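# Per-entry structural report
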Amino acid sequence: MLNLLPKGGWNDQTAAHLLNRAGFGGPPEEIARLTSLGHDAALSSLLDYEKIPNSTPAPAWAVPDQGRAERIRDMQNMAPEAKRQAQQAEQRAQNEHIIELRGWWLNRMARGPRPFQEKMVLFWHGHFATSFEKVRNAYYMWRQNEIFRRLATDNWLRLLIEAGRDPAMLIWLDQAQSRKEHPNENYAREVMELFSLGEGHYTEKDVTEGARALTGWSLDRRTEAFVERPLFHDNGDKTFLGLTGNLAGEDMMAQIVRQPQAAVFITGKLWNFFAGQPPTDDLNKALAGVFRANGNNFKPFLRVMFGCEEFYSPSIIRNQVKSPVQWLVGTARMLQCDLPPGFISAAITRSLGQDLFAPPNVKGWDGGISWITTNTLLERYNNAATLVQGTTQQLSASDFARKPGGAGGVVQEKAAQRIHIGGVDVEKILTPDERTDKNKLVAALEHRLLQSTFSSQQDQALREFLDSHPALDDAAIRNAIRLVMSTPEYQVT
Amino acid sequence: MKNEITLQTRREFLRTTVLGSSLSWTVPAFLADTFAALQNQVADSAVQTATGKDATILVVLQMAGGNDGLNTVVPFSNDFYRNARPRIGLAADTVLKLNSEIGFHGAMTGFKNLYDSGNLAVVQGVGYPNPNRSHFRSTEIWQTASDSDKIEKYGWLGRYFDNACAGAEPTAGVVIGRQLPESFFAKTPKGICFDNPQNYRFLSPEHTRPGQTDMAEATYEKLNETEPAATDSNSGDSIGSLAAGMPMQGGKAVDFIERTAMDAQLSSDEVRGIAARIQNQATYPNSAFANSLKLVAKLIGGGLPTRIYYVSQGGYDTHTNQIATQQRLLADLGDSLKAFMDDLKAQGNMQRVLVMTFSEFGRRVAENASGGTDHGAAAPIFIAGDKVKAGLLGRYPSLAPQDLFQGDIKFNVDFRSVYAGILENWLKTKSAPILGRQFEPLQVT
C-alpha cells in the first residue's frame, strides 16, 4: 500500500488529475509541462511552493484596529438613534472588507503562483470552519486565513495551538468568554469532535475537563490579539484523555496529538478532500502511519499521498464533484480568463452553496454530491454563462436579498450599477483551425474542459448546435463553451 | 420532426424509463410514445394515493442550532427554573400563559393565537435516550431517526419516499433552500431544492421568435438527458445513493448529477409557473424565513403533488446574549407560521396540511456566564394544523435537580413516537419499515 505510482503511469491524464486536485486545474499547456517534468519534479513544482516568490499585498485594512474597542464602548453611551447609526457604519465597513477579502482570496487561487498552498488554505478553512457571520470582524478573518497559509503544510500540534488561539476562533466558539467559574465547553468539544479526533473518541468528562484546561485562552479586544489571562485559568488538577495535572491549553492540544486517532482523523480527512472519497480503513491506517513516521508534519505526508498509486486509481480520477470554489477558480484557470470582480465572484460561489468565510456551521461544507441539488446545478449552468459570455443577468436577486442589511446590502448597491464582466477570449484559447473546423473545435473543448470525451449522443447534440450557427463567430463559440460547462460531466474533476 | 415525440414528452419518457425499465430509447418514436403513455398511466395509478392533489401534506420546520425549550414554553412558576436562570429566566408577567404553570415566550403571539383557536399542539419533553450534545450528531439523529449510538445512512423522510412514494414525481419532496437536508437522503433520492423560483431554470442567451426552437436550450436538454443504456450496468442501489455523512458511496458522481439534472429540467417549468400564478393571501413578516413559507403556501395553492415540504430557520445556538436573539427568532417564527396558516385557510387547504417543528436539542437548564445557555437535551416541539389534536401533549419534564441528567432535562416522549404518529395517522403509511422498528405512535391528529 502507498507504493509510488509506477513510471509508466505518469501521463497527461494523471498529470491533469494532480493539477486538478493539488491545485485548481489549468490549460492544456500547463498539463503538458507537468507531464514532461516527470512525476517527481511535477510534485516538487506544486508542493515546494516556498521556492516560488509571492508578493501579493495584504488588503490595506488588514491591520489591528486599536481604536475599535473604544469606539464600540463609546457607542453604549450614545443616544439610541446615534448609537444605531454608529453601529451600522461600523458593521458596514466590516461587510465591505469581508467582500473584498473574498475576492482577494479567490484571486490568489485563480491567478497566484502557488495554487497548492491556496488549496491547502481552502482545506483548513473548511476544516477549522469559522464564520464571519458571528465573528463580524474582517481583520480577524484575514488573520486566520494567513495562519492557514503560513502553516498550510506545517506541523499538526503547531496548527492546533495556533488555530485555537486565533482571535476569530476565540470568538466563533466562545472561548474568549470562558472563565474558571463557568467554563464554556464549546471549543473543548468541537476541537475534539470536528478538528482532531472525531465523535466517539473522547468522553463527556474529557469535554468538561478540557474546557477547564482551556480557561485563560482569551482575546484582548483592544490589541485585537490573543491573550493568556491567568486570572481566568482554572489551576486545579484535570484529567484529560488519561493525562492528569494542572493542564493548560497547550497541554490539552499535545495530549490530543498524542492519540493515534488524531493522525487517523486528519489524514482521513485530507484524503477525502483531495481524493474525493473517504479512504478504506486499511488505507487510512497506512496514511496515518506515514504521517506519524514524519513527526506529524504535513508536507512529507502529502508528498507520499500525492505520489502513491492509489491516488491515481480509476475510481478516483474524474469522480469528485467540484466544489463551487473549484468550479469557479478552475474555470478561470482552464479558460485562461480573469475572475469577475471580487464581489461578483463571491456572489457566484455563494449562489452555488459555498460562501467563503461563512461556512454553514462549524462542521464546514459537507462536500461531495451534497454540492449538487436541482437548484445549485441550474445555478452552475447559468453562472457558466456569466463567466463565458460576459453577462451579469444570472446573479440572483435572492442572493443579495437573503441578508437584508447584511453583507448582501452592499453587493446589491454595487450590482445595481450593472458592472460588465468580460467573456472568454476565444482567440487566446483556440487556434484558427479550431475556430473554423467544427470537429476540431469540439475535440479542443472536450480536451480543455473535460480532459475526457462526451458520449456520442452529447457529441452529436453539440455538433447540431454548431451547425445551427453556420458563421461560427465568437459568440457561437462562447455559447458552445457554456453548453459544455452545462453538463453533468463538467461538474466533476 | 413530426414523427419525433416532443422534447417535453421525450424527457418525461426518458426519466420514467431510466427509473423503471431499461428500454433502449432507440425504439421508433411512435412506439416510445405509446410506451411512455402506458408508463405514465402505471405510474399515476401507483402514486395516486401518495401524491394525488388532495393528499395530506407535511411541512417540516427545522429550528437549527438547538432552541432553548425552557424559554420557549416557560415554566414561569417553577422555583427550580427561576433559580437556575437568575439572569435570563423569563418573568411570569412577560409570558403568554397557557395555564397557571406554563406559558409561551412573550414574542410568540402567533403561536398563542394558533393555540387558542385549537390549531396547535405542544408536545412536551421530546428527546431520545442517551442524548448527544453535538449539533451535528444530534441533528443527524433527528434527521435519520436513528438510535443515538447508531449511524443510519438514510434520512427518515428519504425512507418514507423509498417506502411509500416509489415512482412518484421528484416534486414529492420540496426543500426551500440550497442544500438537501440529511432527512432526505435516500436509496433513491427524491426531492427538489430551490430558493428562488425565478432563477430555477436554464437561462438561454439566444433570442428566439415565438415558435422558433431555442437551439441553446434544446442542446442543453439533450446534453443533460440520461442515456438508459449507459445506466443499465449500474442499476441497483448504488446509483447516486445519497448516504448520510458520506460524500460518495460507490457509484459514479456523474450518475447522481445526471439524475439531478433530469429532475431539474422536469420540475423547473412547473415550479416557476405556480410561483408566478398564485398569490399569497395573508400578510407575512419581512424575513427570509417568512419568504420560505410564502413560497410553500404558493406551491400548495398551485397543486404541486408534494407530500413533504422542508423549511428551516437558523440562529438558535444561543451560547451568548440569548434574550435578544431568541426574542427575534421566536417572533419571526410565530408570526410567519400564523400568516402561513391564514394563507392556507384562505386557499381552502388548511385541512390538508400539518406543520411539525424540531430542533436538534434543547439547552442546559442552568444559564451560563455569558447570558446564554449551553447544549442540552429534551425540549418541546410544535405541531400545527386544522386536524391537530390541539393543546398540551405529554407532560412537562421535571426540573428538580435529582431528575436531571448532567444538568439536562430528561425526555418523556421519544421523537420517533411523534414521527410514527405522523407517518401512520397523517401520511397513512406503516411506520416500522421507515423507523426501523415499531414506536408507539403519538396521537397528534
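Residues numbered from 1 in each chain as written. Chains lettered and ligands numbered in written order. Predicted model: local features only at pLDDT ≥ 70, side-chain atom pairs only at ≥ 80, totals over all residues.

## Considering the overall build of chain A
So the rule is basically this: For the purposes of this entry, the term helix denotes a DSSP run of H or I that reaches at least four residues, the term strand denotes a run of E that reaches at least two, and both are numbered from the N terminus. Only C-alpha atoms enter the radius of gyration, while the globule expectation follows 2.2 Å times N to the 0.38, with N the number of residues. Burial in this document is a count-based property: other C-beta atoms within 10 Å of a residue's C-beta are tallied, and the residue is buried at 20 or more, exposed at 12 or fewer, or partly exposed in between, with C-beta positions derived from the backbone. Any pair of residues counts as being in contact when their C-beta atoms, constructed from backbone geometry, are within 7 Å of one another.
In terms of helices and strands, chain A carries 26 helices and 4 strands. Compactness check: chain A gives a C-alpha radius of gyration of 24 Å against a globular reference of 23 Å for 493 residues, within 12% of the reference. If one aligns the C-alpha atoms of chain A with their principal axes, the spans along those axes are about 80 × 65 × 40 Å. Here chain A, with 493 residues, has 50% of them falling under the buried criterion. Pairs at least 24 residues apart make up 72% of the contacts formed inside chain A by residues separated by at least 6 positions.

## Thoughts on the domain arrangement of chain A
How big an interface is tends to be expressed through the accessible area that disappears when the partners come together. Keep this limit in mind: Each domain span listed reflects an automatic or database assignment of domains.
Assigned domains within chain A: domain 1 (7-47), domain 2 (57-111 + 320-424), domain 3 (155-309) and domain 4 (425-493). Measuring from the centre of the C-alpha atoms in domain 3 of chain A to the corresponding centre in domain 4 of chain A gives 48 Å.

## Quick notes on the interface of chain B and chain A
What counts, and what does not: Asp, Glu, Lys and Arg are counted as charged, while Ala, Val, Leu, Ile, Met, Phe, Trp, Tyr, Cys and Pro are counted as nonpolar; the rest, among them Gly, fall into the polar class.
With 50 residues of chain B at the interface, the matching set in chain A holds 56 residues. Every element with two or more residues in the side of chain B that touches chain A is listed here: helix H5 (135-144), strand S7 (192-194), helix H7 (215-223) and helix H9 (253-277) of chain B. If you tally residues by element for the side of chain B that touches chain A, the top one is H9 of chain B, at 10 residues. Residue composition of the side of chain B that touches chain A, grouped by class: 26 nonpolar, 14 polar and 10 charged.

## A word on the sheet that holds strand S2 (residues 73-74) of chain B
Hydrogen bonds between backbone groups are what pair the strands of a sheet, and the pairing can be parallel or antiparallel. All names here are of chain B. Let me state the cut-off plainly: For two strands to count as paired, DSSP must find a minimum of two bridges between them.
The 3 strands are arranged S2-S4-S3 in an open sheet whose pairing can be described as antiparallel. The open sheet is flanked by S2 and strand S3 (96-97), the only strands paired with a single partner. For S2 and strand S4 (residues 103-104), the ladder comprises 2 bridges, and the chain directions are antiparallel. If you follow Val 74 over to S4, its bridge partner there is Gly 103.

## Here's the deal with the confidence of the model for chain B
It should be kept in mind that the predicted coordinates are not to be read in detail where pLDDT is low. Here is the rule: The pLDDT score gives, residue by residue, the confidence of the prediction method on a 0 to 100 scale.
When pLDDT is averaged along chain B, the result is 84, and 82% of the positions lie at 70 or above. Reported for the predicted complex are a pTM of 0.80 and an ipTM of 0.91.

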